[in-house]
Amino acid sequence: MEQHPDDRNPMRRKWVDTQDVLAMPYDTPIPGYQTNTVNTLRLWSAESLYGFNLAKFNQGDYISANLESAMDQNITRVLYPNDNNYEGKELRLKQQYFLVSATLQDIIGRMKTYHVDLHDFARMNVVQLNDTHPALAIPELMRLLIDGENFTWDEAWKIVSKTFNYTNHTLMAEALEKWSVRLMEKLLPRHLEIIYEINFRFLCQVSAKYIGDNDRIARMSLIQEYPEKMVRMAYMCVAASDHVNGVAALHTELLKEGLFKDFNEFFPGKFVNVTNGITPRRWLRKANPELSDLITEKIGTDWVKHLNELDKLSAYTEDTEFLQKLAAVKRENKQKLARYIEEHNNIKVNLDSIFDVQVKRLHEYKRQLLNILHAITLYLKIKDNPKADFVPRTIIFGAKAAPGYFMAKQIIKLINSVADVINADPEIGDKLKVVFLANYRVSLAEKIIPAADLSEQISLAGTEASGTSNMKFALNGALTIGTMDGANIEIHDAVGADNIFIFGMTVDEVKKLREQGYNPYSFIEKQPYLKRALDLIRSNFFSRGEMDIFRPILDSLNYDTYMLAADFESYAAVQERVAQLYQNPMEWQKCCLKNIAKMGMFSSDRSITEYAEKIWNLKPVHVDVYAKHGFVLSAQQLEPSNVSQNE
Ligand SMILES: *Cc1c(COP(=O)(O)O)cnc(C)c1O
C-alpha cells in the first residue's frame, strides 16, 4: 500500500502488488408473477485476466502455463456449503471479497453510465447484507469512494452508513464470522486499515456517551483482542448499517437483549423485526397443484397474489364434503411420494400411516437425534406389545450435512442404520417405517412437503432464528409438532393453541435449567424408554458389523448441549396426542384447514413489503406496459432517465 499522490486527501491510498481477476457476470431473468417487470439476478464468475500463458507452454511448462488462470478461477469454483457454521479459510475470504467488489463496481459503473452524481449513491441504491458473508462490502465501498473517486472520509461514510442494512440469521456462536487480522493484513491490507478507522471513530462516539465505561468499549469494539486479534464482522455490520433486522419476533428480541444488547442501547431504533416468509407461487401453486385447485374452487385465485385471502377458507371448517376433498388431495400426494420412496429407497410405505416428516439441514440444534431416538422408543413399544393398537407412522427424514461436520454425518448414519433394522422387522410390518431420503434440495422438498401429515419443528427453544419449512408445511395442510422457537411462535399465535402441537421448554425455562446446572442423566434416569433406546444403540443393535461406531453420539449426551433429554418426555407425550387426533380423520382435517387458512401472514410478499416500508423506504410503483411498441419497460430501466430529467 502506498500514499496516494493526491495529498489534499490524507485518507487516500494506492493499493499495489494485487492479484487482478476478471469478474464475468451471468444474468438470470427473474420475472414477477403477473407483473410487467423482469428483474435480473446477476451472479459472478472469476476468470483469469491473462488466461493461458503461451510463453510458458512453449517452454514445455504445461503446469505453469495453466496455473495462474486455474488459481483465479478457483475463487468461484464452489460456494461454501456450510450452514450455521463459520469457516475461516483464505479462499472463502477471497470469494467474499471478489463477489462484493464486483457488485459494487457494477453499481458505480452503472451510475456513471447514466451520469448520476456518485454523491447520490445512497439515494439511488440500497444494499441489504444477507448475513455477514458480504460484510466486506462496507470497507470496499469506502475504498472505492475514497481511493477511487477521491471522496473525503466523511463524504464516503455518509453514503456507506445510509446505504447498508444487515439481516442477522443466527444466534449460534459458531456461525458468527470473525476474520483473523493476520489473514486480512495479508490479503486485504487496505480494508483492514479502513475497518480500524471505522472502529476508532465508532469507539470515540461510544466513549463520549459512556464516559469511563471501558468494559463496554472493549465489549463493543469491532476488533476482538483475545485469544487472537479478529474482526467481528457482525459488529461491523451493525455499526455501519442504517437498520439491522432479525427474521422472527423471538429472534429479534433475543438479538436486542443478547448478542447486540450494547448496540441496541447505543443505537435506539436501529433494530427492527422482519419475520421471514415463503412464496405461495412455488410452495403452494407449483408444488401442490391439486390443493391449489381445490382452494381456488372455493375462494377464487386471488390468494396466489394476496395470501391473506386464504382466511376465507375459515368458513368451511364444518363443511364435511370439503374436508373429505382435502383428505383425498393429501392421500393422492402421499401416494406420489410413496412411489418416489419405493423407487429410491426400496421401501413400501403404508398410505394410512402418519407421514411424519423432518426435512432441513442436519444440525445438532435442530435435534434430528431427538426424533430418531423417539422412533427407537416407538419400535421398543411395538416389540414389547406387538398385539396392542398402534397408530401407524412413516417417519421421513431429509437432510444435508456440511462436508466437515462429523456429528451431523454420525446422525445421518444412525438414522439409516435404525431404518435398516426397523424396516426389515416382520413383527413391525407396516406399523412403523423410517425413511431417509438422500440429496435433500428444493426440488425434493416440493415433492415431500405436499405429502406430509406432520411437520417436525423441534429445535431447542432459542436456537432456530426463524425456520421457513415450518411455514411451507402448514401452508400445505400438515400439522406442526414443535417447540416455542423461531417463527413456530408466530404460527402458534396465528392458528391458535388448539391447532398446533407445542412441547418442550421455553427460552426462559432453558435459561433457568442452564443456570441451575443441567445434568442430562437426571432426565434419562426418569425415562425408561429413552434409557432403553440409548442402551440399545450402545449394545450395537443398530451397528452389528461396525462395533461402537455410535460412541460419539452417546458421548455427546454426557453434555447434551441441545438438551434433548430434558425435552424428551414432553415430546413423547405430545406425539401420543398427535396419534390420537389422527385416528379421527375429520377432526384432523379440520385442524389442517385451520392451519392453511391462517398462513396469509407467512407470504414472502408480506416480508418484502415490510423490508420496503421499514428499511428501504420504498413505495410500490405502477409499471405500464407499452404494448403497442411490442416491448415492456421495467421500473428499473425507467429509473435512470427519470433521474437525469430531475437533475
Ligand atoms: C425451506 C428449505 C430449507 C429451510 O428449512 P428449515 O426447516 O426452515 O431449516 C432448507 N432446505 C431446503 C431445500 C428448503 O426448501
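Refer to the structure printed above.
Presented here is an overview of the structure given in this document. (Residues numbered from 1 in each chain as written. Predicted model: local features only at pLDDT ≥ 70, side-chain atom pairs only at ≥ 80, totals over all residues. Heavy atoms only, no water.)

## Side note on helix H23 (residues 528-538)
Every buried residue belonging to H23 is among Leu 530, Ala 533, Leu 534, Leu 536 and Ile 537, and all of these are buried. Taken around the axis of H23, the buried residues stretch over an arc of 155°, which confines them to a single face. Looking at the buried residues of H23, the elements they touch are helix H16 (368-384), helix H17 (406-424), helix H22 (520-525), helix H24 (551-556) and helix H25 (564-582). Of the residues one or two after H23, Asn 540 is the one with positive phi, at around 70°. (Buried < 20%, exposed > 50% of the residue type's maximum accessible area, 1.4 Å probe, protein only. Helix = DSSP H or I, 4+ residues; strand = E, 2+ residues; numbered from the N terminus. Arc of directions from axis to C-beta. Contact = heavy atoms within 4.5 Å.)

## Structural notes on the packing of helix H5 (residues 137-148) against helix H8 (residues 189-209)
Relative placement of two packed helices is described by the angle separating their axes and the distance separating the axes. One way to put it is that H5 packs onto H8 with a least axis distance of 9 Å and a crossing angle of 100°. If you check the angle between H5 and H8, you find them roughly perpendicular. Listed contacts from H8 to Ile 138, Pro 139, Glu 140, Met 142, Arg 143, Ile 146 and Asp 147 of H5 are Arg 190, His 191, Ile 194, Ile 195 and Ile 198. Among the residues forming the contact of H5 with H8, the class breakdown is seven nonpolar, one polar and four charged. (Axes fitted to C-alpha atoms, helices over the stretch in contact; angles between N-to-C directions. Parallel < 35°, antiparallel > 145°, perpendicular 65-115°, else oblique. Nonpolar A, V, L, I, M, F, W, Y, C, P; charged D, E, K, R; others polar.)

## A word on the packing of aromatic side chains
Under the counting rule described, the total for this entry stands at 19 aromatic pairs. Residues Phe 202 and Phe 263 carry aromatic rings whose centres are separated by 5.8 Å and whose planes lie at 10° to one another, so their mutual orientation is stacked. With a gap of 61 residues between them, Phe 202 in helix H8 and Phe 263 in helix H12 (residues 261-266) connect regions that are remote in the sequence. Both residues of the pair, Phe 202 and Phe 263, belong to the buried class. One aromatic cluster in this structure is built from Tyr 166, Phe 202, Tyr 210, Tyr 235, Phe 260, Phe 263, Phe 266, Phe 267 and Phe 271. Above the face of the Phe 355 ring, Lys 334 is positioned so that its terminal group lies 4.7 Å from the ring centre. In this structure, Lys 526 is placed above the aromatic ring of Phe 523, and the distance from its NZ or CZ to the ring centre is 5.3 Å. (Phe/Tyr/Trp six-rings, centres within 6.5 Å; stacked < 30°, edge-to-face > 60°. Lys NZ or Arg CZ within 6 Å of the ring centre and 35° of its normal.)

## Brief notes about the pattern of salt bridges
Tallied over the entire structure, the rule returns 48 salt bridges. The residue Glu 318 makes a salt bridge to Lys 590 at a minimum N-O spacing of 3.4 Å. Placement of the pair is Glu 318 in the loop between helix H14 (289-299) and helix H15 (320-345) and Lys 590 in helix H26 (residues 585-597), with a sequence separation of 272 residues. Under the relative-accessibility criterion, Lys 590 is labelled buried at 15%. Because the salt bridges share partners, they merge into one network encompassing Asp 213, Arg 216, Arg 219, Lys 261, Asp 262 and Glu 265. (Salt bridge = Lys/Arg side-chain N within 4 Å of Asp/Glu carboxyl O.)

## Quick notes on the site of the ligand
Around the ligand, the structure places Trp 283, Val 359, Lys 360, Lys 366, Tyr 440, Arg 441, Val 442, Ala 445, Gly 467, Thr 468, Ser 469 and Lys 472. Here Thr 468 contributes a backbone N or O atom positioned 2.7 Å from an oxygen atom of the ligand. For the ligand, an oxygen atom lies 2.5 Å from a polar atom in the side chain of Ser 469. Burial of the ligand by the surrounding chains reaches 82%, relative to a free accessible area of 390 Å². At the level of secondary structure, the elements contributing two or more residues to the shell around the ligand comprise helix H18 (442-448) and helix H19 (469-475). Tallied by class, the residues present in the shell around the ligand amount to five nonpolar, three polar and four charged. (Near = heavy atom within 4 Å. Polar contact = N/O pair within 3.5 Å; in protein donor to acceptor, adjacent residues only side chain to side chain. Areas by Shrake-Rupley, 256 points an atom, 1.4 Å probe, with all protein chains shown as cover.)

## Considerations on the layout of surface pockets
The space that makes up the second largest pocket amounts to roughly 700 Å³. Around the second largest pocket, the lining comprises 25 residues; the ones closest to its centre are Trp 15, Gln 19, Asp 20, Val 21 and Tyr 97. Only strand E3 (21-31), helix H3 (90-113), H5 and helix H7 (181-187) provide two or more residues apiece to the lining of the second largest pocket. Sort the elements by how many residues they give to the lining of the second largest pocket and H3 lands first, with seven residues. A class-by-class count of the residues in the lining of the second largest pocket yields 13 nonpolar, five polar and seven charged. (1 Å grid on protein atoms, 1.4 Å probe; cavity = no way out; pocket = protein on both sides within 12 Å on 5 of 7 lines; lining within 4 Å. Points joined across faces, edges and corners; volume = space filled by probe spheres on them.)

## Details of the sheet that holds strand E5 (residues 127-130)
With parallel pairing, the four strands of this open sheet are ordered in space as E5-E6-E10-E11. Each having just a single partner strand, E5 and strand E11 (271-273) make up the two edges of the open sheet. Adjacent strand axes in the sheet meet at a mean angle of 25°, parallel and antiparallel pairs treated alike. (Pairing = 2+ DSSP bridges.)

## Thoughts on the side chain of Asn 165
Take Asn 165: it is sitting in strand E6 (residues 164-167). The class of Asn 165 is buried, set by a relative accessible area of 1%. Polar contacts involving the side chain of Asn 165 include one to the main-chain amide nitrogen of His 243, which spans 3.1 Å. Setting aside anything within four residues of it in sequence, one finds Asn 165 in contact with Val 126, Val 127, Gln 128, Leu 129, Ser 241, Asp 242, His 243, Ile 615 and Trp 616.

## Regarding the sheet that holds strand E14 (residues 432-437)
If you walk across this open sheet you meet the six strands as E14-E13-E12-E15-E16-E17, and the pairing is parallel. This sheet does not close on itself; its edge strands, each paired only once, are E14 and strand E17 (501-502). Relative to E14, strand E13 (residues 393-398) is paired through six bridges, and the arrangement is parallel. Following the sheet pairing, Arg 393 is matched in E14 by Leu 432. Helix-sheet contacts for H15 involve strand E12 (354-359), E13 and E14, and the interaxial angle to E14 is about 70°.

## Notes on unusual backbone geometry
The amide bond that connects Tyr 226 to the next residue, Pro 227, takes the cis arrangement and shows omega of -5°. Note that Pro 227 resides in the loop between strand E8 (223-224) and strand E9 (230-232). Although it is not a glycine, Asp 560 adopts a positive phi angle of roughly 50°. Residue position: Asp 560 is located in the loop between H24 and H25.

## Focus on the pairing of E12
Counting buried positions along E12 yields six of six residues, so the element is predominantly enclosed. Alternating residues of E12 divide into Ile 354, Asp 356 and Gln 358 and Phe 355, Val 357 and Val 359, and every residue in both groups is buried. Sheet topology places E12 next to E13; six bridges connect them, and they run parallel. The residue bridging Val 359 from the neighbouring strand is Gly 398, located in E13. Read as a crossover between parallel neighbours, the route from E12 over H16 to E13 is right-handed. In terms of strand pairing, E12 meets strand E15 (residues 454-457) through two bridges, oriented parallel. Bridging across to E15, Val 357 finds its partner in Ser 455. (Right-handed = clockwise from strand over helix to strand, strands pointing away.)

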